[in-house]
There are 2 protein chains.
Amino acid sequence: MARPKPLSGFPEFLPAQRLVEQRVIDVLRQTFELHGFANIETRAVETLESLNRKGEITKEVYTVRRLHAEGNQPDELGLHFDLTVPLARYVVEHAGHLQFPFRRYQIQKVWRGERPQEGRYREFRQADIDIVGNGALSAHHDVEAMLVMLEAFEALHEKIGIPQVRIHVNNRKLSEGFYRGLGIEETDQVLQRVDKYDKIGADAVKELLVDELSLSEEVAQKCVELAGISSTDSSFVSHVRALGVENEMLDEGLKELEDVVVAANRIAAGRVVADLKIARGLDYYTGTVYETELVGHEKMGSVCSGGRYDALASDGKTTYPGVGISMGVTRLLGPILSRGELIGSRSVPSAVLVAVTNEEERAEATDVATALRHRGIPCEVAPNAAKFGKQIRHADRRGIPFVWFGGLNGEVKDIRSGDQHPASASEWMPEESDIYPQVVSN
Amino acid sequence: MARPKPLSGFPEFLPAQRLVEQRVIDVLRQTFELHGFANIETRAVETLESLNRKGEITKEVYTVRRLHAEGNQPDELGLHFDLTVPLARYVVEHAGHLQFPFRRYQIQKVWRGERPQEGRYREFRQADIDIVGNGALSAHHDVEAMLVMLEAFEALHEKIGIPQVRIHVNNRKLSEGFYRGLGIEETDQVLQRVDKYDKIGADAVKELLVDELSLSEEVAQKCVELAGISSTDSSFVSHVRALGVENEMLDEGLKELEDVVVAANRIAAGRVVADLKIARGLDYYTGTVYETELVGHEKMGSVCSGGRYDALASDGKTTYPGVGISMGVTRLLGPILSRGELIGSRSVPSAVLVAVTNEEERAEATDVATALRHRGIPCEVAPNAAKFGKQIRHADRRGIPFVWFGGLNGEVKDIRSGDQHPASASEWMPEESDIYPQVVSN
């Protein structure tokens, strides 16, 4: 075949890049499991009927059909474009076998037929946590979901060197209650326009509210003033109160948002901001909403977002409320990996290349490798009995730090320092940081 | 939505089943990495041109297109149906950035539009290892690939309780050389019919060879006699020699197969069988071929197979030979999980449920959970301050072994024994086997 070209929007990583992604997934898994989230995977396809439930998003769906299906057979399946729609379907389908509140994490690829651009992919991995109730779900889970994700980001920063994050939180009840307190009925229409605040600015949003929704100057002004409020502590409450709007739903939203911000401050002061312009567009959130930016990379947009749905799913009899957050793993890592800012310290897991003196002694080299592996040291045997200099270069090109010469009682060379000394395959142990490849930053 | 029905051929697991799959993947990853295989993932889609290279298999492909693509736009992408075609494409596309021999493992889902039946899925996970050379690849890698997979199966048996395997090995050079030594030219045609040996028996294969390929009775007889040879040691060599056929390629195949069987016997005697009827159908193997059956579940067919390709890929200038084996993870686990033979010991990762005395003291319970998590103990806080009996049932229904009462210096109850005693969240540690859920067999 001629050298294939990459498919735009379908990123693929080299082994030393994939290593970073694996480590990220390991950290996420560990964090989520420490918090009692069980893992599930859902199938990659959903029925088009199920994918269509949210209306707006259908244009991004990839349909799937058998190549030799009859021509007039309609497409019935599509690739999932997020992990929330599949979760809703999974919960209803398997409800009889699940315990509620159902806490699950899910780390899978999703597909969207969008025009690819920097940081926007057609195939990408998401990592979601959700807590789903049966009939009811307490508001403290909104706090919990955010803190788990914040803890995951802190661990990614400490262990892997991913930039730190700032989580922006708002509450739909707060905004909706505020708008209702102002006498606005089409609160969704306002939210949709406030959602553009970051892109177009306060004045332009106000203009849209006046021109398109016929709000009065004064009411529109209050709406953009609300959107302009943010604080890393609970001081936002008094700023909202100062706008003089009274509404019961507003009170509820203020209380919920305050709880989230206060709890976050106990864990990681300053990492969470009450940001009253966060709207999360057309998604059907009904309470807390989250967005997350990487500090120093704010232009990338949100790398992790979510919120509370009062009706994640329903089977007619039972309603399943949920709160969840979805991290865009590929969205987060893609730019970091393509700029080479983080990379695996070597392209193979092997800490040791066992040299082969001649093909007749390959079995001896294999025995050395087996002895090292029994003690948890990844290694590989040289593919052929080339001159030792060539075998050392073989290790060097892969970043393998050690080359072993001779049998079970042989010699081991650290090819970085050139240091070589006698060693027994049943005793020698490299420094812990050399056993497995590390993520290094450039 | 109405309760959705499962999609036939797209298996999904409950959390306690998925836990078994996760553990299987962990063991595979650990084994492959100890042997120096680097992980990669390829995108789920390939161009139809790339998927079509093998001709025969196209009828199983799922095509993928944007829902809102123009009606007359031809389908250009399909979901990969194995991990070998994507590897071949990946190697040619990224050759300049890879080190050869390139050793990689890949654990991903694949899709085939086949009619679903017991043990046959439309979406399933495979775990592949391959070693790919640039221009040349020594025969000892055929031995290595098989031993790595055998070691993985032994680890799955010891650590998780997956039934043991028997790997059946043959060599295309052996069969082809033998047929050529008999004066047969259309050796592929013979192989295709010998491939049916297990299903239809020796006599029926012989009949096909005589009727359809016009082989003489005597030649056809030799072909089925060859297919009937098997041994767990190198005695198969003398049995083949006794058939009196002379051919250089046959000699080469005998030597390669003997090397594989002898090496396997050093690691795990009796687990590998030279089985001269193994043909691997129409796949383009050129040397060693492998098939694997679960001991006691032979009717399931092969759960792991592969072989040597002299030309896995080529870009016109360079040819990339490869040897690899692919384990059908879902094919292996699906029946075991659906029969309930293996299951997670609990449906959540949590070892501890921290009880909540009343909602005002939720923060205290959260502090206990945080302290336990810092010491690596997965836990969750009760969703509401119900009566303690109800909170204990909450833990029991999930299989959580411990319930914590009170603050950092509180009491912990083992709900299996009823034993309850004072404990400090900064010191108490459960038995290691209770920290994470275990795989248990029924």
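Calculation criteria
- Residues numbered from 1 in each chain as written.
- Chains lettered and ligands numbered in written order.
- Predicted model: local features only at pLDDT ≥ 70, side-chain atom pairs only at ≥ 80, totals over all residues.
- Heavy atoms only, no water.
- Pairing = 2+ DSSP bridges.
- Helix = DSSP H or I, 4+ residues; strand = E, 2+ residues; numbered from the N terminus.
- Axes fitted to C-alpha atoms, helices over the stretch in contact; angles between N-to-C directions.
- Contact = heavy atoms within 4.5 Å.
- Domains from an automatic or database assignment.
- Buried area = accessible area lost by both parts, 1.4 Å probe.
- Salt bridge = Lys/Arg side-chain N within 4 Å of Asp/Glu carboxyl O.
- Polar contact = N/O pair within 3.5 Å; in protein donor to acceptor, adjacent residues only side chain to side chain.
- Nonpolar A, V, L, I, M, F, W, Y, C, P; charged D, E, K, R; others polar.
- Phe/Tyr/Trp six-rings, centres within 6.5 Å; stacked < 30°, edge-to-face > 60°.
- Buried < 20%, exposed > 50% of the residue type's maximum accessible area, 1.4 Å probe, protein only.
- UniProt positions renumbered as here; feature names shortened; annotations may be inferred.

Undergrad: Before we move on, can you summarise the sheet that holds strand β16 (residues 402–405) of chain B with the specific residues and values?
TA: Residues and elements named next belong to chain B. Ordered in space as β15-β14-β16-β17-β18, the five strands form an open sheet in which the pairing is mixed. A strand with exactly one partner marks an edge of an open sheet, and here the two such strands are β15 (379–381) and β18 (420–424). Between one strand and the next, the sheet's axes are offset by a mean angle of 30°, whatever the strand orientation. Of the pairings in the sheet, the one linking β16 to strand β17 (residues 409–414) comprises four bridges and is antiparallel in character. By the bridge assignment for β17, V403 is matched with K413. The strands touched by helix α13 (residues 362–374) are β14 (352–354), β15 and β16; relative to β15, the strand with the most contacts, the crossing angle is about 175°. Sheet contacts for helix α14 (residues 388–398): β14, β15, β16 and β17; angle to β16, the most-contacted strand, approximately 150°.

Undergrad: Tell me about the domain arrangement of chain A, and name the residues and values.
TA: Residue and element names in this part refer to chain A. Looking at chain A, the domain boundaries give domain 1 (15–343) and domain 2 (352–441). The gap between the C-alpha centroids of domain 1 and domain 2 is 47 Å. Contacts between domain 1 and domain 2 engage seven residues on the former and six residues on the latter. Taking both sides of the interface into account, the surface hidden between domain 1 and domain 2 amounts to around 530 Å²; carbon and sulfur atoms contribute 63%. When residues of domain 1 are sorted by the area they lose upon contact with domain 2, L19, R23 and I343 head the list and together hold 65% of the total. Remark: the boundary between domain 1 and domain 2 carries zero salt bridges. For the pair domain 1 and domain 2, the interface holds two residue pairs in polar contact (both at pLDDT 80 or more). Those elements giving two or more residues to the side of domain 1 that touches domain 2 turn out to be α1 (15–34) and β13 (342–344). The biggest single contributor to the side of domain 1 that touches domain 2 is α1, with three residues. Residue composition of the side of domain 1 that touches domain 2, by class: five nonpolar, no polar and two charged.

Undergrad: Can you tell me about the packing of aromatic side chains, naming the residues and giving the values?
TA: One pass over the structure, following the stated rule, counts 19 aromatic pairs over all chains. On the numbers, 5.4 Å between centres and 35° between planes, the contact of F100(A) with Y320(A) is tilted. Here F100(A), found in the loop between α3 (84–94) and β5 (102–111), pairs with Y320(A), found in strand β12 (residues 319–328); they are 220 residues apart in sequence, far enough to count as distant. Across this residue pair, the class does not change: F100(A) and Y320(A) are buried. Relative to F102(B), the ring of Y90(B) has its centre 6.3 Å away and its plane inclined at 15°; by these criteria the two rings are stacked. Note that Y90(B) is positioned in helix α3 (residues 84–94) and F102(B) in strand β5 (residues 102–111), a separation of twelve residues in sequence.

Undergrad: Please set out the UniProt feature "binding site: L-histidine" (unreviewed entry) in chain A residue by residue, giving values where relevant.
TA: Residue and element names in this part refer to chain A. Mapped onto the present numbering, the UniProt feature "binding site: L-histidine" (unreviewed entry) falls at D82, L83, T84, R112, Q126, D130, R280, Y284 and Y285. The topology assignment puts L83 in the loop between β4 (77–79) and α3. With sequence-adjacent residues up to four places away left out, L83 is seen in contact with R104, Q106, Q108, V110, Q126 and D128. Looking at the secondary structure, you find Q126 in strand β6 (residues 123–132). Filtering out sequence-adjacent residues up to four positions away, Q126 remains in contact with D82, L83, Q106, I107, Q108, V110, R112, S326, M327 and V329.

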